[in-house]
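The chain contents come next:
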Amino acid sequence: MKLTGKIIMRGQGLHSGQECEHTIEPCDSPEVLMNGQPLRKLSLSGTNRGSDYIFPDGSRVRTCEHVLSALSGLGFWSGVNITVNGGEMPALDGCSNTLCGELMKNCEPSSIITKNISAPVIVSSDDRKRFVAAFPADTLHITYTVEYKYIGTQIIDYGHSHEKYFAEISGARTFAMLSDIEYLRSHGMALGGNLDNAIVVGEKIQAAGGLRWPDEFVRHKVLDLMGDLAAVGCPVNAHIIAVRAGHELHLKLAEKLRGE
C-alpha cells in the first residue's frame, strides 16, 4: 500500500505512562523510516516487554510493535516516515485496530517486493523450550502456540492477507498477568496500562467489554510477531512457527532474516 495522507496519534505510552505522539506521513524513501532512519538499519531490543528501536546515538523508541504491526499487516512497506515524540509509541487501544482504520482512509494500492528464504531459520531460548522458526514458503503463514496459567494452551494457524489481518488480528489486545503487574510497575513498565488498552489475566480475566475472541491472547501474539518482523524491512514469504515465544525471540529472528 502507498500512504497518501498524514496521521497523528497521541496518548500515554503503555510502559512509561507519559504523554507521547507519533506522526505517520508519506515520504520518498523506498522503505519505512522511523525518525528519518530505515527500520532495517536500527538496532533492536525485545527484553523489556515490548520492541524497542535503538538509534546510532543511543536513543531509543519504546514499544513499537503495535504501530509497525498495523503498517506491515496492511502492506505499508515503503514511502512512510514515523516521527515519534516522547520516546515511546502511544498505547492507544492496546492493539492496532484504531491505527489500521486511519491507515485505510489514507492509502492507495502499490506494488511490494517480497523476500523469500531458501532454508530454515531458527532461534530459541537457551533451554530450547521456546522458539520461533521460519521455513521456506510461497506466502506468509504463521502457526503460533502460547501457554499461560489461567489461559491454558492456545494455538492459531493464520494465513496472512491484508483483509484477514484487519478482521482477525488487529483487534487483539495486549495482556498482562495480574501477578506480574506490581513487578512491572516497580521497574518502570505498564505505567500506562489500564482496562481500556489491556487485558488483565488472573483467576478472573478482566477485559473491557469482555474478550473479543476466546483465543484473543494468541491472536495478539501474531499481531506482535508481525510488528516485530517489520524490522526486516520488507515482507517475508515464510511459514513461521512460534512456540511460547515473545519479542526478544521475534526480533532475533528478524535480525537473522535481515541477513538472508
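Refer to the preceding data block for the structure.
In this text the structure is predicted, and so the values were computed from the model without any measurement.

Engineer: Looking at this structure, how should I read the nonpolar core?
Structural biologist: For soluble globular proteins, nonpolar side chains are generally found buried alongside one another. One finds Met-34, Ile-82, Tyr-144 and Ile-240 to be the most contacted residues of the largest nonpolar core, which totals 60 residues. With six residues, the single largest contributor to this core is helix H5 (residues 216–229). Ranked by size, the runner-up nonpolar core spans seven residues in total, among them Ile-151, Phe-175, Ala-207 and Phe-217.

Engineer: What is the right way to read empty space enclosed by the protein from this model?
Structural biologist: In this approach a probe as big as a water molecule rolls over the atoms, and the regions it shows empty are the leftover space. What the rule picks out here adds up to three cavities of 30 Å³ or more. Its boundaries defined by the atoms lining it, the largest cavity holds a volume of some 110 Å³. For the largest cavity, the lining is made up of 16 residues, of which His-66, Val-67, Pro-90, Ala-91 and Cys-95 are closest to its centre. Only helix H1 (65–74) and helix H2 (97–105) provide two or more residues apiece to the lining of the largest cavity. In terms of residue count, the dominant contributor to the lining of the largest cavity is H2 (three residues). Within the lining of the largest cavity, the residues separate by chemical class into nine nonpolar, six polar and one charged.

Engineer: Whenever I open this one, the side chain of Ser-170 confuses me. Can you help?
Structural biologist: With respect to the helices, strands and loops of the structure, Ser-170 is situated in the loop between helix H3 (162–169) and strand S16 (175–177). Since its relative accessible area comes to 0%, Ser-170 is described here as buried. Within polar-contact distance, the side chain of Ser-170 engages the backbone oxygen of Phe-166 at 2.8 Å. Non-local contacts of Ser-170, meaning those with residues more than four positions away in its chain, are made with Cys-95, Ser-96, Asn-97, Cys-100, Tyr-165 and Leu-223.

Engineer: Explain the packing of aromatic side chains here, please?
Structural biologist: Centre-to-centre distance and the angle between the planes together describe a pair of aromatic rings. The final tally for this structure, using the stated rule, is two aromatic pairs. Ring centres 5.4 Å apart and planes at 85° place the aromatic pair Tyr-148 and Phe-175 in the edge-to-face group. With Tyr-148 in strand S14 (residues 141–148) and Phe-175 in strand S16, this residue pair connects regions lying 27 residues apart in the sequence. Members of the aromatic cluster, joined through ring pairs, are Tyr-148, Phe-175 and Phe-217.

Engineer: In this structure, what is going on with the pattern of salt bridges? I would like to understand it.
Structural biologist: Throughout the structure, instances matching the rule amount to ten salt bridges. Across the pair Lys-6 and Glu-25 runs a salt bridge, and its minimum N-O distance is 3.8 Å. In this pair, Lys-6 is assigned in the loop between strand S1 (2–3) and strand S2 (7–12) and Glu-25 in strand S3 (residues 19–26), connecting sequence segments 19 residues apart. Judged by its relative accessible area of 51%, Lys-6 is exposed. Judged by relative accessible area, Glu-25 falls into the partly exposed class, the value being 24%. The partner of Arg-173 in a salt bridge is Glu-216, with the nearest N and O atoms 2.8 Å apart. A residue pair is termed long-range when its members are at least 10 positions apart, and Arg-173 in the loop between H3 and S16 and Glu-216 in helix H5 qualify at 43 residues. The burial state of Arg-173 is the same as that of Glu-216; both residues are buried.

Engineer: How should the sheet that holds strand S8 (residues 60–61) be read in this particular structure?
Structural biologist: Strand-to-strand pairing in sheets goes through backbone hydrogen bonds, with the strands running parallel or antiparallel. One open sheet holds the three strands; their spatial order is S6-S7-S8, and the pairing between them is antiparallel. Where the open sheet ends on each side, the last strands, each with one partner, are strand S6 (43–45) and S8.

Engineer: Just checking my understanding: could you explain the packing of H1 against H2 for this structure?
Structural biologist: Relative placement of two packed helices is described by the angle separating their axes and the distance separating the axes. Packing of H1 against H2 brings their axes to within 9 Å, and their N-to-C directions diverge by 45°. The pairing of H1 with H2 is recorded here as oblique in orientation. Pair H1 / H2 crosses with right-handed handedness. Facing H1, whose interface residues are Val-67, Ala-70, Leu-71 and Leu-74, H2 presents Leu-99, Cys-100, Leu-103 and Met-104. Looking at the contact of H1 with H2 residue by residue, the classes come out as eight nonpolar, no polar and no charged.

Reading the values: rules and limits
- Residues numbered from 1 in each chain as written.
- Predicted model: local features only at pLDDT ≥ 70, side-chain atom pairs only at ≥ 80, totals over all residues.
- Heavy atoms only, no water.
- Core = buried A, V, L, I, M, F, W, Y, C linked by side-chain atoms within 4.5 Å.
- Buried < 20%, exposed > 50% of the residue type's maximum accessible area, 1.4 Å probe, protein only.
- Helix = DSSP H or I, 4+ residues; strand = E, 2+ residues; numbered from the N terminus.
- 1 Å grid on protein atoms, 1.4 Å probe; cavity = no way out; pocket = protein on both sides within 12 Å on 5 of 7 lines; lining within 4 Å.
- Points joined across faces, edges and corners; volume = space filled by probe spheres on them.
- Nonpolar A, V, L, I, M, F, W, Y, C, P; charged D, E, K, R; others polar.
- Polar contact = N/O pair within 3.5 Å; in protein donor to acceptor, adjacent residues only side chain to side chain.
- Contact = heavy atoms within 4.5 Å.
- Phe/Tyr/Trp six-rings, centres within 6.5 Å; stacked < 30°, edge-to-face > 60°.
- Salt bridge = Lys/Arg side-chain N within 4 Å of Asp/Glu carboxyl O.
- Pairing = 2+ DSSP bridges.
- Axes fitted to C-alpha atoms, helices over the stretch in contact; angles between N-to-C directions.
- Parallel < 35°, antiparallel > 145°, perpendicular 65-115°, else oblique.
- Left-handed = near helix turned anticlockwise from the far one by under 90°.

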